[in-house]
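# Inside the fold
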Amino acid sequence: MYRILKKQELSPGILEYDIEAPRVAKKALPGQFIVLRVNEEGERVPLTIADFDREKGIVTILFQVVGASTGLLASLKEGDSILDFVGPLGQPSELSDHMGTVVFVGGGIGVAPVYPIARAAHELGNKVISILGAKTKDILIFEERMRAISDEVLITTDDGSYGIKGFVTNAIEELIKRGEKIDQVTAIGPGVMMKSVAEATRPYGIKTVVSLNPIMVDGTGMCGGCRVQVGEETKFACVDGPEFDGHLVDFHGLMARGRMYRTQEAKEKDHICN
Ligand code: FES
């Protein structure tokens, strides 16, 4: 069993848990994820690792309450335990000390998984520019943490309540317009956001990495549930990813598959909540 050592609500409906998971923490690398199951009846939920502390044996996860499983997870309290916590899974981010200027883009809750990757890139001596996007100021997360490991932070809100009014792509355009030489963009967030980022960088030939979070079942490459078309190849996000070349990902197919289970998810949520 994996104990919840700390529970924090970062903004309405967005929760951060510190989980006691020493073996996962020991091996975790930026960009990887875990799959958890709250109890015997619970479904498997893949969540990207938002942070880890090898010495204390803690893995931090962050999630937004959107359905039955995240609702069940949110009902737990500090001191409660999770039945399964499997990981670290997936390929770690490709990082080096000669990446140059890297722009890290986090949309909504996607800022959390961006954080350990950006921190590692920063620690390796690369220039880190972070773009954090949210619908509104109240639900912006991780601002202070990202400022601490970034050379520059740009914030965008859809309603203009903080930072640049608009989307993360507006901030990318600003950087390009001012002549910033960008060597790589790494974007994590909703599919539609990552697709827009890839389209914004494509004309400039800027390497763009996206981290996908499709439906996953086993998380070990056996079920095919997380398959995604990347260029000419079919890849499994759980073992080949979660990071892929954003210019090659078939976002249309990815988002269509994500919508397939909405009716069942709503029914299950009703079942658990009523
Ligand atoms: Fe089953 Fe990836 S989750 S193959």
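From a predicted model like this one, the values you see are computed outputs, not experimental measurements.

## Remarks on helix α5 (residues 168-177)
Inspection of α5 places Val168, Thr169, Ala171, Ile172, Leu175 and Ile176 among the buried residues, and these make up the whole buried set. For α5, the angular spread of the buried residues around the axis is 155 degrees, confining them to a single face. Looking at the buried side of α5, the elements it contacts are β8 (101-107), β9 (127-134), β10 (152-157), β11 (164-165) and α6 (191-201). Once α5 finishes, glycine 179 follows within two positions and takes phi at roughly 90 degrees, a positive value.

## Notes on the pairing of strand β13 (residues 207-211)
Judged by how many residues are buried, β13 sits mostly within the fold: four of five residues are covered. With four bridges joining them, strand β12 (residues 184-188) and β13 adopt parallel strand pairing. Bridging from a neighbouring strand, threonine 186 pairs with valine 209 of β13. In the classification by handedness, the crossover that spans β12, the intervening α6 and the parallel β13 is right-handed. As paired elements, β13 and strand β16 (residues 243-245) share three bridges and run antiparallel to each other. Its bridge partner lying in β16, valine 210 is registered against phenylalanine 244.

## Observations regarding the environment of glycine 179
The topology assignment puts glycine 179 in the loop between α5 and β12. Take glycine 179: its relative accessible area is 56%, and that puts it in the exposed class. As a C-alpha pair, glycine 179 and isoleucine 19 span 160 residues in sequence and 43 Å in three-dimensional space.

## Section: the sheet that holds β8
Here seven strands make up an open sheet; going across it, the order is β11-β10-β9-β8-β12-β13-β16 and the pairing mixed. Single-partner strands in this sheet number two, and they are β11 and β16. As paired elements, β9 and β10 share six bridges and run parallel to each other. Within the sheet, the bridge partner assigned to serine 130 lies in β10 and is valine 153.

## A look at the packing of α5 against α6
Relative to each other, α5 and α6 sit at 20 degrees, their axes nearing to 9 Å. Considering their axes alone, α5 and α6 lie roughly parallel with respect to each other. Once α5 is placed against α6, the crossing between them reads as right-handed. Packed against α5, whose contacting residues are Val168, Thr169 and Ile172, the element α6 presents Met193, Ser196, Val197, Ala200 and Thr201 at the interface. Grouping the constituent residues of the contact of α5 with α6 by class yields five nonpolar, three polar and no charged.

## Quick word on the pattern of salt bridges
For the coordinates displayed, the defined rule picks out 12 salt bridges. A salt bridge links glutamate 180 to arginine 178, with the nearest nitrogen and oxygen atoms 2.7 Å apart. On the accessibility criterion, arginine 178 (44% relative accessible area) is partly exposed. Taking the shortest distance from any N to any O, the salt bridge between lysine 181 and aspartate 183 comes out at 2.4 Å. A relative accessible area of 29% places aspartate 183 in the partly exposed class. A network of salt bridges, in which partner residues are shared, links Lys127, Glu152, Arg178 and Glu180.

## Considering the confidence of the model for the chain
Per-chain confidence: the chain averages 91 in pLDDT, with 95% of residues scoring 70 or above. Across the interface, the model reports ipTM at 0.98; the global pTM reads 0.90.

## Some words on the sheet that holds strand β5 (residues 58-64)
The seven strands are arranged β6-β1-β2-β5-β4-β3-β7 in an open sheet whose pairing can be described as antiparallel. Pairing within the sheet leaves two strands with one partner each, and these edge strands are β6 (81-82) and β7 (84-89). Looking at chain direction, strand β4 (residues 45-53) and β5 are connected through four bridges and run antiparallel. Paired with aspartate 53 across the bridge in β5 is isoleucine 58. Across the face of the sheet, helix α3 (residues 111-123) comes into contact with β4 and β5 while running at roughly 40 degrees to β4.

Reading the values: rules and limits
Residues numbered from 1 in each chain as written. Predicted model: local features only at pLDDT ≥ 70, side-chain atom pairs only at ≥ 80, totals over all residues. Heavy atoms only, no water. Buried < 20%, exposed > 50% of the residue type's maximum accessible area, 1.4 Å probe, protein only. Helix = DSSP H or I, 4+ residues; strand = E, 2+ residues; numbered from the N terminus. Arc of directions from axis to C-beta. Contact = heavy atoms within 4.5 Å. Pairing = 2+ DSSP bridges. Right-handed = clockwise from strand over helix to strand, strands pointing away. Axes fitted to C-alpha atoms, helices over the stretch in contact; angles between N-to-C directions. Parallel < 35°, antiparallel > 145°, perpendicular 65-115°, else oblique. Left-handed = near helix turned anticlockwise from the far one by under 90°. Nonpolar A, V, L, I, M, F, W, Y, C, P; charged D, E, K, R; others polar. Salt bridge = Lys/Arg side-chain N within 4 Å of Asp/Glu carboxyl O. pLDDT = per-residue confidence, 0-100.

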